[in-house]
Amino acid sequence: MKKNILIVPGDGIGQEVTAVGKKVLDKVAEKFGHEFLYDEALIGHVAIEATGSPLPDETLKKMKASDAILFGAVGHPKYDNDPTAKVRPEQGLLKMRKELGLYANLRPIKLFDELLDASSIKPEILRGADILFFRELTGDIYFGEKGRKNDGNTAYDIAEYSRFEVERIARKAFDAARTRRKKLCSVDKANVIETSRLWREVIQKIALEYPDVEVEHQFVDATAMLLIKDPRRFDVIVTANLFGDILTDEASQIAGSMGMLASASIGDGTGVYEPIHGSAHDITGKGVANPLASILSAALLLDISFGLKKESETVISAVDGVLKAGFRTRDIASPQTPHDHVLGTDAIGQEVLKRV
Ligand code: IPM
Ligand code: MG
């Protein structure tokens, strides 16, 4: 198979982990006889520095022309404490999601058994947990009208959803539930928020098309509690953009560490595959970032965008093999991990490559 892959490392540790993810893709191509052609493009803070824009036109053009995108992270601490900054790295990410029509963000939360003790949650609560989040990604309070009034003393962000937007993410989530344990939990705040009431109405309607899928509705506050109390009760969770953002960070603890979680953003065109962790400037350049989420993102890319199931599984079992052999990066090491088994970004990447 011949495919064009765009590498978009972005900011901070995005650079380091994406380089490792790309090496794994290369290895897969070599082993299975595929030809992957790569190009690279700028986004986020590095793009602002180079061009003034967090998503240069050139990047967007390359994105639309590629078959899949391996993405790193965006963000820079210098903007976090400057609420008045007009141009921000995150704007590049949001514009990319909108422009590429990436309305469905899949975040699989599955614990590798070897990492049971890396989480702050008790192992007996976690063992066997396996959740697939569908976070809506191009609507909600993220993209509604926002601004200031009363001479800047009042701020507002409008949350908006159309029936169509809820329907298309709902169908994706129901389809996925069908291939899994056939349980769908829709998360909203329909006791308070109008967009949530539309959300629930639409989910109830689509549910009629999927009589084989068991549906439950939960409020977001209760879900936040249930994820920690009993994560095994969930199979597929579908929710709005902002709730999904928050709940998936929380759920990363079910997978041991944020450094392990991959995601896929899909929709109308090219899919984007990225770790859910951010740019982590506190550890940037130290060579200690965990590249496993980027590697697992590459596995999702192979599976979802290219339909290469066997190749994808090979990558996942290589990661599993590395963990089974006892190797860890700092973020997932435990006090019991022998010193010489705590590896840096490149070294753990090499262990994965060996096993692919
Ligand atoms: C994520 C991130 C982004 C989001 C930020 C960086 C804008 O937290 O992908 O979860 O809020 O969607
Ligand atoms: Mg987030």
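The text that follows walks through the structure, step by step, so that each part is easy to find. (Residues numbered from 1 in each chain as written. Chains lettered and ligands numbered in written order. Predicted model: local features only at pLDDT ≥ 70, side-chain atom pairs only at ≥ 80, totals over all residues. Heavy atoms only, no water.)

1. Topic: helix α1 (residues 14–32)
Here is step 1 of the chain: End to end, α1 covers 27 Å across 19 residues, agreeing with the expected 27 Å (1.5 Å per residue, within 8%).
Here is step 2 of the chain: Where α1 ends, the next residue or the one after it, G33, has phi of about 70 degrees, a positive value. (Helix = DSSP H or I, 4+ residues; strand = E, 2+ residues; numbered from the N terminus. Expected span 1.5 Å × (residues − 1).)

2. A closer look at the environment of S263
Here is step 1 of the chain: Here S263 shows up in strand β11 (residues 262–266).
Here is step 2 of the chain: Residue classification places S263 among the buried positions, given a relative accessible area of 0%.
Here is step 3 of the chain: Through-space distance from the C-alpha of S263 to that of L301 is 9.2 Å; in sequence the pair is 38 residues apart.
Here is step 4 of the chain: Residues contacting S263, with those up to four places away along its chain left out, are N105, L106, R107, V272, Y273, E274, I276, S297 and L300. (Buried < 20%, exposed > 50% of the residue type's maximum accessible area, 1.4 Å probe, protein only. Contact = heavy atoms within 4.5 Å.)

3. Here's the deal with the site of ligand 1
Here is step 1 of the chain: In the vicinity of ligand 1, the contacting residues are E90, L93, R97, R107, R135, Y142 and D245.
Here is step 2 of the chain: Here an oxygen atom of ligand 1 sits 2.8 Å away from a polar atom, N or O, in the side chain of R135.
Here is step 3 of the chain: Within the side chain of D245, a nitrogen or oxygen atom sits 2.9 Å from an oxygen atom of ligand 1.
Here is step 4 of the chain: In isolation ligand 1 exposes 320 Å². Once the protein is present, 76% of that is buried.
Here is step 5 of the chain: With three residues, helix α5 (residues 89–99) is the single largest residue contributor to the shell around ligand 1.
Here is step 6 of the chain: No fewer than three residues from each of domain 1 (1–105 + 260–356) and domain 2 (120–254) sit in the shell around ligand 1. (Near = heavy atom within 4 Å. Polar contact = N/O pair within 3.5 Å; in protein donor to acceptor, adjacent residues only side chain to side chain. Areas by Shrake-Rupley, 256 points an atom, 1.4 Å probe, with all protein chains shown as cover. Domains from an automatic or database assignment.)

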